[in-house]
Amino acid sequence: MALVKSTALYYNALDIATYAVHEEGASSLSIEKFAAFLKRKGVEFSFKRYFVDALGAMGVGLFASLITGLILKTVGTKANVPFLVEFGGMASAMVGPAIAIAIAQALKAPPMVLFACAGVGYAGNLWGGPVGAFLGAIVAAECGKIISKETRIDIIATPSGTAIAGMAAAKFVGPPVSALMTALGVMIMRATELQPGPMGAIVSMVMGMILTLPISSAAIAVSLNLSGLAAGAACVGCSTQMIGFAVMSYRENGVSGLLSQGIGTSMLQMPNIVRHPLIWVPPTLASFILGPFSTLLFKMENIPSGAGMGTSGFVGQFGAIDAMGSSPAVLTQIALMHFILPAVLTLVIAEVMRKMGLIRPGDMTLEQ
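Quick summary incoming for the structure in this document. (Residues numbered from 1 in each chain as written. Predicted model: local features only at pLDDT ≥ 70, side-chain atom pairs only at ≥ 80, totals over all residues. Heavy atoms only, no water.)

1. Focus on the packing of helix H5 (residues 95-106) against helix H6 (residues 111-147)
For step 1, the next point in the chain: Where H5 meets H6, the axes come as close as 8 Å, and the angle between the chain directions of the two elements is 130 degrees. When the axis of H5 is compared with that of H6, the two are oblique. Within the contact between the two elements, H5 uses Val95, Gly96, Pro97, Ile99, Ala100, Ile101, Ile103, Ala104 and Gln105 and H6 uses Leu114, Cys117, Ala118, Gly121, Tyr122, Asn125, Pro130, Ala133, Phe134, Ala137, Ile138 and Ala141.
For step 2, the next point in the chain: In terms of residue class, the contact of H5 with H6 is built from 17 nonpolar, four polar and no charged. (Axes fitted to C-alpha atoms, helices over the stretch in contact; angles between N-to-C directions. Helix = DSSP H or I, 4+ residues; strand = E, 2+ residues; numbered from the N terminus. Parallel < 35°, antiparallel > 145°, perpendicular 65-115°, else oblique. Contact = heavy atoms within 4.5 Å. Nonpolar A, V, L, I, M, F, W, Y, C, P; charged D, E, K, R; others polar.)

Listed below in structure tokens is the structure:
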């Protein structure tokens with residue numbers, strides 16, 4: 001009986017669960033108390049939290065490290081500036097810690113947990129690539145939040161518990177999940193090579209739609225390790241969504257809307273898409289049409305870090321240059337497939353829909 005009471009006091013002190021001591025000496029876990037504890041610690045198990053918020057944060061981490069490094073290396077190589085190449089390589093090498101810290105911040109981890117996630121991201125990327133860093137960071141952040149400020153030795157317990165939990169997940173779960181994602185990417189790339197027409201249309205349309213949705217197309221492209229023709233089609237689809245929305249909503253949003261969507265993100269239109277779904281048709285249909293042009297006619301290629309970025313910060317264009325070179329012919333193809341044709345085709349489809357009354361004035365006005 002004394003052992004039961006001491007156990008109950010221990011769990012109450014940690015506030016993790018409550019044991020009700022009955023007359024017979026039996027005990028049972030209070031689910032309500034446990035749920036209240038998780039809520040107090042900011043731990044919430046939901047699809048949005050882990051596959052929207054965390055995946056979006058992963059995209060930010062990728063941009064701050066791997067993608068920035070790509071831009072610096074490409075510019076440094078083309079301009080013959082060695083220190084930019086060196087700096088770009090160092091930035092790219094920090095992709096694991098950047099992903100983990102970005103995810104921990106998105107999950108509202110306290111400072112001690114946030115900083116401990118840097119090591120988790122490094123280890124996760126080492127064992128399972130960006131997917132390993134992603135999984136390890138989620139587990140580390142949530143476990144670290146549960147442990148934080150619950151003991152008298154918080155300065156030791158919190159970072160240690162964060163590191164152990166995150167690295168264990170990265171080591172044992174990261175590699176098989178990463179291998180699965182890579183295999184899926186290989187399947188997509190192989191299918192695109194065998195059936196470049198239909199697969200080009202599908203990959204272009206789907207990746208473009210993912211870019212506009214509130215999840216990270218860049219994170220998905222990197223996780224799948226897309227390259228070659230499939231990556232080229234993906235970049236065309238993403239570019240078409242961004243440039244398409246930018247030009248067809250110009251009358252509502254002006255120059256600021258043109259720039260914020262054209263080189264920022266078409267995700268800004270999501271509230272309008274929810275209210276007026278038909279405005280998504282022109283850029284989506286245009287990306288479906290242009291996909292086969294990318295794979296069959298121009299044979300556009302790209303790299304994983306550029307495949308899901310489109311024209312955002314011109315990362316997709318740097319990726320295409322990295323994959324295909326910077327000859328006048330390649331630069332012309334990039335201009336046509338990433339900017340000119342997406343703008344013209346989307347605008348034509350949108351104008352037809354406007355005349356039919358399917359798209360009305362103000363449907364694409366961005367919220368201030």
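There's plenty left to go through after this.
2. Things to note about helix H10 (residues 217-224)
Each full turn of the α-helix corresponds to 3.6 residues, which orients residues three or four apart in the same direction.
For step 1, the next point in the chain: Of all eight residues making up H10, eight are buried, and the element is well covered by its neighbours.
For step 2, the next point in the chain: Among the residues of H10, Ser217, Ala218, Ala219, Ile220, Ala221, Val222, Ser223 and Leu224 are the ones counted as buried.
For step 3, the next point in the chain: Buried residues along H10 sit in contact with helix H3 (47-78), H6, helix H8 (174-194), helix H9 (196-212), helix H11 (228-248) and helix H15 (304-307).
For step 4, the next point in the chain: The positive-phi residue at the C-terminal boundary of H10 is asparagine 225, with phi of around 60 degrees. (Buried < 20%, exposed > 50% of the residue type's maximum accessible area, 1.4 Å probe, protein only.)

3. Observations regarding the pattern of salt bridges
For step 1, the next point in the chain: In total, this model carries ten salt bridges according to the counting rule given.
For step 2, the next point in the chain: Glutamate 150 serves as the salt-bridge partner of arginine 40, at 3.5 Å between the closest nitrogen and oxygen. Here glutamate 150 lies in the loop between H6 and helix H7 (154-172) and arginine 40 lies in helix H2 (residues 31-41), a separation of 110 residues in the sequence.
For step 3, the next point in the chain: Between glutamate 252 and arginine 354 there is a salt bridge whose closest N-O contact spans 3.5 Å. Linking glutamate 252 in helix H12 (residues 250-262) with arginine 354 in helix H17 (residues 328-355), this pair joins segments that are 102 residues apart in sequence.
For step 4, the next point in the chain: On the accessibility criterion, glutamate 252 (18% relative accessible area) is buried.
For step 5, the next point in the chain: A relative accessible area of 12% places arginine 354 in the buried class.
For step 6, the next point in the chain: Where salt bridges share partners, they join Arg251, Glu252, Glu351 and Arg354 into one cluster. (Salt bridge = Lys/Arg side-chain N within 4 Å of Asp/Glu carboxyl O.)

4. Looking at unusual backbone geometry
For step 1, the next point in the chain: Positive phi, close to 50 degrees, is recorded for lysine 299, a residue that is not glycine.
For step 2, the next point in the chain: On the secondary structure map, lysine 299 appears in the loop between helix H14 (281-297) and H15.
For step 3, the next point in the chain: Although it is not a glycine, phenylalanine 314 sits at a positive phi angle of roughly 60 degrees.
For step 4, the next point in the chain: Relative to the elements of secondary structure, phenylalanine 314 occurs in the loop between H15 and helix H16 (315-324).

5. Details of the nonpolar core
For step 1, the next point in the chain: Counting residues in hydrophobic clusters, the biggest one holds 52 residues, and the most contacted among them are Met58, Leu62, Ile103 and Leu226.
For step 2, the next point in the chain: Those elements that provide at least two residues to this core are H3, H5, H6, H9, H10 and H11.
For step 3, the next point in the chain: Aside from chain neighbours lying at most four places away, what touches leucine 62 is Ile67, Thr68, Val95, Ile99, Ala218, Ala219 and Val222.
For step 4, the next point in the chain: Counting residues in hydrophobic clusters, the runner-up holds twelve residues, among them Met270, Ile273, Trp280 and Ile359. (Core = buried A, V, L, I, M, F, W, Y, C linked by side-chain atoms within 4.5 Å.)

6. Describing the packing of H7 against H8
For step 1, the next point in the chain: In contact at an axis separation of 3 Å, H7 and H8 are set at 45 degrees when each is read in the N-to-C sense. Overall, the two elements H7 and H8 adopt an arrangement that is oblique. Side by side, H7 and H8 meet where Ala169, Ala170, Lys171 and Phe172 of the first sit next to Gly174, Pro175 and Pro176 of the second.
For step 2, the next point in the chain: When grouped by side-chain class, the residues that make up the contact of H7 with H8 number five nonpolar, one polar and one charged.

7. Side note on H11
For step 1, the next point in the chain: The terminal C-alpha atoms of H11 lie 30 Å apart, and with 21 residues this matches the ideal 30 Å at 1.5 Å per residue to within 8%.
For step 2, the next point in the chain: In terms of burial, H11 is largely enclosed, as 20 of its 21 residues are buried. (Expected span 1.5 Å × (residues − 1).)

8. As for the packing of aromatic side chains
The description of two aromatic rings rests on the distance between their centres and on the angle between their planes.
For step 1, the next point in the chain: Per the counting criterion, the structure on display carries three aromatic pairs.
For step 2, the next point in the chain: Plain terms: the ring middles of phenylalanine 47 and phenylalanine 51 are 5.2 Å apart, the flat faces sit at 25 degrees to each other, and that makes the pair stacked. Taken together, the positions of phenylalanine 47 and phenylalanine 51, both in helix H3 and four residues apart, correspond to about one turn of that helix.
For step 3, the next point in the chain: For phenylalanine 51, a relative accessible area of 43% puts it in the partly exposed group.
For step 4, the next point in the chain: Between the aromatic rings of phenylalanine 314 and phenylalanine 339, the centroid separation amounts to 6.3 Å while the plane-to-plane angle is 50 degrees, which identifies the pairing as tilted. Of this pair, phenylalanine 314 sits in the loop between H15 and H16 while phenylalanine 339 sits in helix H17, and the two are 25 residues apart along the sequence.
For step 5, the next point in the chain: The class for phenylalanine 314 is partly exposed, based on a relative accessible area of 38%.
For step 6, the next point in the chain: The partly exposed category is assigned to phenylalanine 339, whose relative accessible area is 26%.
For step 7, the next point in the chain: Seen from the ring of tryptophan 127, lysine 171 lies directly overhead, with NZ or CZ sitting 4.7 Å from the centre. (Phe/Tyr/Trp six-rings, centres within 6.5 Å; stacked < 30°, edge-to-face > 60°. Lys NZ or Arg CZ within 6 Å of the ring centre and 35° of its normal.)

That is the geometry; function is a separate question.
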